[in-house]
Amino acid sequence: MLEIALVYFNCRGLGECARLILHYAKVDFKDERITAEQWPELMPKTKTGKLPVLEYDGHIILESNAINRFLAKKYNLAGKDEYEQALVDEIADIQKDFMYAVAPYYLAVMRRGPGNPDDLKKEHLDDNVARFFPIYANFLKESKSGFMAPSGLTWVDFVITEYLTTLLHFDSTIYENYNDLKDYIERVHNIPQLKNYYGSRPYSKN
């Protein structure tokens, strides 16, 4: 029997896309959620001192997007051909740029980094929302599928909508001028294969 385990913290973060792929594919896996108390003992036993880690049929796979791509290829969520897969990869890299640009504000809000969130909000959240949200809206418009890729749902939709959901926890008005992105989040959350999981997963701001 195929043995699969995803090891990550008890939050959505960088591990949630992999969880969503596996739930979407209806694959049995061990969702191993590490607590803050467990992490100091576990960290030295990992290759890089980071999570997530995917254990798949005796193989260890590190780094969130490597895990996401691996699972997406296994379960037909990578894109319909090499060109669409490249499109999905480029959107994932854009999402990474967005996440890093917002990080100083995000870390301050979560009390994991220096600075006052109010002082950091305009430069690191508001200005980057104004920069990146239209990029996402344009990809949606061009795809004509309701998702980022023309063929429909791919793993990058999980990556983006999870991060957009996180931002909503920090600013409830963030989508006032972006109804297309608000609808996009709802569209992904209403995928029949995932509605039960979305409705029952542990609450997490991030």
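All figures in this text were calculated on a predicted structure; none of them were measured in a lab. (Residues numbered from 1 in each chain as written. Predicted model: local features only at pLDDT ≥ 70, side-chain atom pairs only at ≥ 80, totals over all residues. Heavy atoms only, no water.)

Considerations on the overall build of the protein chain
For clarity, the threshold we go by: Under the DSSP-based scheme used, a helix requires at least four consecutive residues in state H or I and a strand at least two consecutive residues in state E, with every element numbered from the N terminus. With the radius of gyration taken over C-alpha atoms, the globule rule is written as 2.2 Å times the number of residues to the power 0.38. Relative accessible area decides the class of each residue, using a 1.4 Å probe on protein chains only: under 20% of the type maximum gives buried, over 50% gives exposed, and in between gives partly exposed.
Within the protein chain one finds 8 helices and 4 strands. Each helix and strand of the protein chain, ordered N terminal to C terminal, gives the series β-α-β-α-β-β-α-α-α-α-α-α. In terms of overall dimensions, the protein chain is globule-like: its C-alpha atoms have a radius of gyration of 17 Å, near the 17 Å expected for 206 residues. Each principal axis of the C-alpha atoms in the protein chain carries an extent, and together these give about 50 × 40 × 30 Å. Looking at the protein chain as a whole, 46% of its 206 residues qualify as buried.

Some details on the environment of Ile160
The topology assignment puts Ile160 in helix H6 (residues 155-170). As for Ile160 and Ile91, which are separated by 69 residues in sequence, their C-alpha atoms are 8.9 Å apart.

Regarding the UniProt feature "domain: GST N-terminal" (unreviewed entry) in the protein chain
What counts here: UniProt positions are given in the numbering used here, feature names are shortened, and annotations may be inferred rather than shown by experiment.
The feature "domain: GST N-terminal" (unreviewed entry), as given by UniProt, occupies residues 2-79 in the numbering adopted here. Taken end to end, residues 2-79 has its terminal C-alpha atoms 24 Å apart, with 31% of it in helix and 24% in strand.

Observations concerning the sheet that holds strand S2 (residues 30-34)
As a reminder, the rule being used: In short, DSSP must find at least two bridges between two strands for them to pair. Here the axes come from fitting lines to C-alpha atoms, over the contacting stretch only for helices, and the angles between their N-to-C directions go from 0 to 180 degrees. Here a residue-residue contact requires only that any non-hydrogen atoms of the pair lie within 4.5 Å.
Taken in spatial order, the 4 strands make up an open sheet running S2-S1-S3-S4, and their pairing is mixed. One side of each edge strand has no neighbouring strand; the edge strands of this open sheet are S2 and strand S4 (59-62). Neighbour-to-neighbour, the strand axes of the sheet open up by a mean angle of 20°, direction not taken into account. Where strand S3 (residues 53-56) and S4 come together, 4 bridges link them in antiparallel fashion. Bridged to Glu55 within S4 is Ile60. Together, strand S1 (4-9) and S2 form the strand contacts of helix H1 (residues 16-24), whose direction differs from that of S1 by roughly 150°.

A few points about the packing of H1 against H6
A pair of packed helices can be characterised by two numbers: the angle between their axes and the separation between those axes. This is how it is decided: When describing relative orientation, an angle under 35 degrees is termed roughly parallel and one over 145 degrees roughly antiparallel, while 65 to 115 degrees is termed roughly perpendicular and anything else oblique. By convention, the crossing between two helices is left-handed when the near helix turns anticlockwise from the far helix through less than a right angle, and right-handed when the turn is clockwise. Charged means Asp, Glu, Lys or Arg here, nonpolar means Ala, Val, Leu, Ile, Met, Phe, Trp, Tyr, Cys or Pro, and polar covers whatever is left, Gly included.
H6 packs onto H1 with a crossing angle of 135° between their chain directions and a minimal axis gap of 9 Å. On the basis of the axis angle, H1 is oblique to H6. Our pair here, H1 against H6, has a crossing hand that is right-handed. In contact with Glu16, Cys17, Leu20 and Ile21 of H1, H6 contributes Trp155, Phe158, Val159 and Glu162. In the contact of H1 with H6, the residues fall into 6 nonpolar, no polar and 2 charged.

As for the side chain of Asn65
For Asn65, the location among the structural elements is in helix H3 (residues 64-74). Taking relative accessible area as the criterion, Asn65 reaches 12% and is therefore assigned buried. Contacts of Asn65, omitting those with residues within four sequence positions, involve Ala92, Lys96 and Trp155.

Brief notes about the pairing of S2
The criterion, for reference: Place the viewer so that the strands point away; then a crossover is right-handed whenever the path from the first strand over the helix to the second strand goes clockwise.
Bridging between S1 and S2 involves 5 bridges; their strand directions are parallel. By the bridge assignment, Tyr8 is partnered in S2 with Arg33. In the classification by handedness, the crossover that spans S1, the intervening H1 and the parallel S2 is right-handed.

Some words on the pattern of salt bridges
Just so we agree on the cut-off: For salt bridges, the criterion is a side-chain nitrogen of Lys or Arg within 4 Å of an Asp or Glu carboxyl oxygen.
What the rule picks out here adds up to 13 salt bridges. With a shortest N-O distance of 2.9 Å, Asp126 and Lys121 are connected by a salt bridge. With relative accessibility at 32%, the residue Asp126 sits in the partly exposed group. Under the relative-accessibility criterion, Lys121 is labelled partly exposed at 23%. Salt-bridge contacts for Lys121 lead to Asp171; the nearest nitrogen and oxygen are separated by 3.3 Å.

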